[in-house]
Amino acid sequence: MSDAPQSTPASPRPAPAEGFPAAGNISDADREELRRHGILLTSLEELYNWGRSNSIWPLQFGLACCAIEMIAAATARFDIARFGAEIFRPSPRQADLMIVSGTVTKKMAPLVVRLWNQMPEPKYCIAMGACAISGGPFKQGYNVLKGIDRLIPVDIYIPGCPPRPEALLNGLIQLQKQIKGEKLTGPDAARHTRADLPSEYPIPAYGAHDLEPAKNPAVWTPPAPPSA
Amino acid sequence: METVQQLRDRLAARFPAARVELVLNPGVAAEHSLRLDAALGRDIALFLRDDPALRLDYCSNVTGVDWPDKEITDVVKTTVPDPAGGPPKIVEEKSVHVQPGCLEAVYHLYSMSLKHGPVVIRLRTGNRADAVTLPSLTPVWRSCDFQEREIFDLFGIVFAGHPDLRRLLMWDEFKDHPMRKDYVEPDDYEWEPTAHGAVLERAKAHQLAAVAGVVDPGQSSANPPKAAPGSTTPATTAPVKEAKP
Amino acid sequence: MTTAPDSFLERAPLELRDWAVQLLPGPLQWLAHHLITVVAILAVFGLFFAFTTIAERKLLARLQNRLGPNRTGLPKFSILPWHLKHTLFGLSQPFADAVKALTKEDIVPAAADHFLHFLAPVIVVAFSLMTFAVLPFGREYLPVDLDAALLYFFAAGAATELAIFMAGWSSRNKYSLLAAMRALAQLISYELPLILSVVPVVLVTGTLSTKAIVLSQGYWIFGFLPHWFVFTPWGFAGFIIFLIAALAESNRSPFDLPEAESELVAGHLTEYSGFKYALFFMAEYFGLTALSGLGVTLFLGGWQAPFPFLEFIPSYLWFMMKLIGMIMFFIWVRGTLLRLRIDQLTRLAWQFLVPLALLNVGNAAFWVLTTHWAGPLQLVRWGVSLVIVILPFFFLGRSLSAGYAPRTYRYAP
Amino acid sequence: MSCSDFNDLDAELTAFGHPGGSSVRAVHDQFHGDLLEVSMGPQHPSTHGVFRMVATLDGEQIVKLKPVFGYLHRNHEKIAENTTYLGSMPYTDRLDYLCSMSTNWAYALAVEKLSGQAVPDRAQYLRIIMAELTRLVNHACLVGFLFNDLGTSFTPLLYAFREREKIIDLFEALSGSRMMCNYQRFGGCRVDPTPEWLAAARTLVENFPRFLDEYERMLTGNEIMLARTQGIGRLDPAHAVNAGLTGPVLRASGVDYDLRKVDGYGFYPRFDFRVPLGAQGDTYDRYMLRILEMRESVKILVQAFRDLPGGPIMDPKAKLRSFRPKAGEAYGRLEGPKGELGFYLISDGTPNPYRYRVRPPSLINLTLLEEMCLGHTIADAVVILGSIDIVLGEVDR
């Protein structure tokens, strides 16, 4: 899981500028040091991120095999509830996280995008399993979307076929870390705070032979070949 | 239970107008089948279901098979006597003829009341292009309902008399019949970190294009570029954004 | 009636309020007095709501062999130096949820009736909070001492169901609409047994004032047995009917039909997001707390201690403990029972609860008429009263579950 | 009941549609109001995946219900026709992702029938052990999901998943994967279990009846459960047979048709077990049949552990590489947890099957969904769907 192609926030945190750093940019060690001297630091941003990262309610939305492992992650042995994320909301209006758990077929893809559009900001997406990442073993299928990230932005990728529930928990923890590191202002502000970025994505239509469009160029462009 | 051969004879006697062929299965399983005349297919199926000795009340499996046009090379050997009086020459004449393709629907029948089976029956279309109509056996066995719809969807056999013949698996606007052998699937293998050899092969054309600089490889999925998509909001469920935190 | 031990703990909150009030100039004092009361109720029950949610999640988890939320610590800027190592058993989870819900985007469907869609969560919270006004939380802790307190309570409580109907109707969502219809059917069916179950208490005490009802439960039989109404035949039956009807009124499992997750997605809440959803969530718990509080007041002796020697514990703590016990019961029910269907739900109300509650009113009347019986007659009184309750319960229950029984199965030869 | 009881009904079944029967009721008349069409799914908490039902409601009552499929159509058959016989084995895992061992076996059975491959004794026993363990997993989880549809807050499901985790652990220890076991081969099995594994499995099986007792004590006698399931979604045997329903759904209607007895595939004729039959064909019967079948499965497992012979687990003549069966065709089927799971294969002598077809029990068991739901409320529809037991990977393939 750790070597998953996790997309980290857009860029690493900028180094503290000259002078005293802003509250959000202080490391834990610095904070401990300051506390020892009687200085308590706080920021609204941290409270905001703390609340959001500890209260991630996923959309109750299973696609295929991985959905069973997603359920298993909610059961006694793994218990996703420990992270405050056991409230699987059936309505997208109340969900914060969409776990795309399984193969996205072309027939299903417009509906997945529609559900994503129906979710309120800030919202996050986990692509769980090989199929959601790239089509996985079913890549050669004529009705299989080759990765949900062609249509909506994905924050965390969890490889595996299907990933173990522990992997999903790790993905959730990674997502919590990502949320905790998000900025509200500045050039590397979080996606949902930027008015210039879309929160709704075009829903592909059922075409005569394929989806139209088959991919969303605003979200996904094919990277260069690995060893071109 | 009687053998397929006996059954064929009985059917031939019962339905003199129908052509019932015995299709031998050369494999180990030796599940021989009967190819029924499409025109009388439903009558024969009813007979099979209601005949007290057979009682094939359960149609388990219905599937389509695509047999595309096949080029067959006939080799005709003729012995030409040597005019010089030598040994006669053997001349091979090769001629290629196209065996016209067809679509087939295969039904596996069992009897739940007498607990025997299977009896395999097949129906064959005239060709693969326009004469693709077969009688639906759904009125005889309700279990054919979804399976015949699936065959219609994936193979393009039109079942006359089916009560609700729509596509089952693909969407309604879809034009092709993907399970046919000559189906060309859409080319959407742009970037493939995969071990599938065939997939890598198909992705190569796109990768060459990428190297040529058609796309900018510097963008990742988590950071969508600023270009906002056009007016593509859904018409009916478009939410009104009231506040953005 | 017992003499109230005027202990310091008992009086402390009042003294604090009075001290704060007398700091202000005279004309403002009555206003400050009431404002402080309101703010105190909001703060106490707001916190109570927060911890009820975490209690529910943890208790449900324990019922299912799980641990429940336990990782959410405090945010980094916490002043407690050991915040990094300790997670406080996840007790800060509701606050994280609150931060999240407050900052979540609010979506109103384009086709919705915007005004009603906005009004519904406001109404549901407002009315469920209003019901707190007449609950005696302790000996001296009754926000408003109304003569018709019970009438006021049910009038305010019924409005919350109306808000659910508004939410379902205004969302322009088919699931919400179905939920709204269910909510109305449920409201009409269960308001009646709920009120009828309370009538015996009114009959016996002769008052609608919650304060007086609590006081009338405040003496001990033989010096140690509490005289709570739940320990009388009519009281016990009334309490059970009240519990069932309260479950239905607060849309809790097994009567959570408007929000039937497996059928109607999220029911009337389907189109609500962000803070409005949180308001509904809050109102559900407020309604549950208020109904539990009423149950405690009417049947469980209110703020009275169960035994004389336990009276040193302040009355408001007793009230809270009983309240928590009731809420635990509701959570337990949610973790174990399955949901009724709408026709079974209404049938249970009309064919079982309403007749039983009506008979129970007669039972209470008998009890009042025979107050003067003593000695062996007292035993007769108890016997007759028990028969009036148990026989109809038995026969009505039989007719309700007629035709349903476990079956035996045969095997293939 | 023997099957003769409904044979005389056959004549009625000639016309398509709803031949008169107790399960179909006319529900709509002019006294009722406007109809409401609700599309349930593909994202709905109780459609068990991406299934979709378009229901037309009169109030809460269902007057029409059309299932819509294909949201998980992953082209299993097309992919299998483009790969080798063995290459399809991992894909069969993902057909019915709750019961990969059974699906593996069904495919291996069909290929063995196609190629005439023999299977050694030990492998036959191991296959039965795996298939019955899978049945336990499937039925226990199904009951949990069914109760979820009935409105419990996940509690029975989590108890079922507790047992599932134990069995899944065994599968993982044996095959290396929790869910996608890829265990069966043509002519045997892939891995031989160690004695420790067998001992652990035996302990689990011996303790399983205790779990079942606990489960039944929680669920079976519950009055709300009885009221919600008895008389709901009745299915009479004649309809069920004609619609090709199989598995517990069929047997709940009283039809004695269990492929383990009828076909006697594998070594099942050597085992002593009974086939429970329902009488009413309602949701309660379908639920109880699962419980009773689990008890019979435990009996089979105990016998299998007792009689497990030694020896090889693969036929020495079995070929895994360059496996080319003779031209021909075969239809192999077995009694999966959900019903008759069949594979129809046509070989043309090449390494790839010419035609590869899965006979999915989940899809065909849905044939009568509308008839079962008509006249009931929307709350019953989700329960009926839950009692049929579908897995979308198999419905849409």
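Cut-offs used in this document
Residues numbered from 1 in each chain as written. Chains lettered and ligands numbered in written order. Predicted model: local features only at pLDDT ≥ 70, side-chain atom pairs only at ≥ 80, totals over all residues. Heavy atoms only, no water. Disulfide = S-S within 2.5 Å. Buried < 20%, exposed > 50% of the residue type's maximum accessible area, 1.4 Å probe, protein only. Pairing = 2+ DSSP bridges. Helix = DSSP H or I, 4+ residues; strand = E, 2+ residues; numbered from the N terminus. Axes fitted to C-alpha atoms, helices over the stretch in contact; angles between N-to-C directions. Contact = heavy atoms within 4.5 Å. Domains from an automatic or database assignment. Salt bridge = Lys/Arg side-chain N within 4 Å of Asp/Glu carboxyl O.

Student: In this structure, what is going on with the state of the cysteines? I would like to understand it.
Tutor: In a disulfide, the sulfur atoms of two cysteines are held together by a covalent bond. Residues and elements named next belong to chain B. For the structure on display, the rule yields 0 disulfides over all chains. Here Cys59 is not cross-linked by a disulfide; its sulfur's nearest cysteine counterpart is in Cys144, at 3.7 Å. The class of Cys59 is buried, set by a relative accessible area of 0%. Cys102 takes part in no disulfide bond, and the closest cysteine sulfur, belonging to Cys144, lies 19 Å away. Note on Cys102: relative accessible area 6%, which makes it buried.

Student: Please explain the sheet that holds strand E6 (residues 102–111) of chain B as it appears in this structure.
Tutor: Residue and element names in this part refer to chain B. On the basis of which strands lie adjacent, the open sheet formed by 5 strands has the order E1-E2-E7-E6-E3 and mixed pairing. Two strands lie at the open edges of the sheet, namely strand E1 (21–23) and strand E3 (58–67), each paired on one side alone. Strand-to-strand, the axes of this sheet are offset by a mean angle of 25 degrees, without reference to chain direction. When E6 meets strand E7 (residues 116–124), the two strands line up antiparallel, connected through 7 bridges. Considered in E7, the bridge of Ser111 is made with His116. Across the sheet, helix H1 (residues 4–14) lies against E1, strand E2 (33–35) and E7, angled at about 25 degrees from E2, the strand it touches most.

Student: How should I be thinking about the domain arrangement of chain D in this particular structure?
Tutor: Domain annotation for chain D reports domain 1 (3–68) and domain 2 (76–359). Once you take the C-alpha centre of each, domain 1 of chain D and domain 2 of chain D turn out to be 29 Å apart.

Student: How should the pattern of salt bridges be read in this particular structure?
Tutor: Where charged atoms of side chains with opposite charge meet at close range, the side chains can pair. Overall, the coordinates contain 74 salt bridges over all chains when judged by the stated rule. Across the pair B:Glu104 and B:Arg35 runs a salt bridge, and its minimum N-O distance is 3.5 Å. Here B:Arg35 lies in strand E2 and B:Glu104 lies in strand E6, a separation of 69 residues in the sequence. A residue is classified by how much of its surface remains accessible, and B:Glu104, at 1% relative accessible area, is buried. On the basis of relative accessibility, which here comes to 13%, the residue B:Arg35 falls in the buried class. Two residues, D:Glu216 and D:Arg295, come together in a salt bridge whose shortest N-O distance is 2.8 Å. Remark: D:Arg295 occurs in helix H12 (residues 283–307) and D:Glu216 occurs in helix H7 (residues 195–219); sequence separation between them is 79 residues. Owing to a relative accessible area of 17%, D:Glu216 belongs among the buried residues under this scheme.

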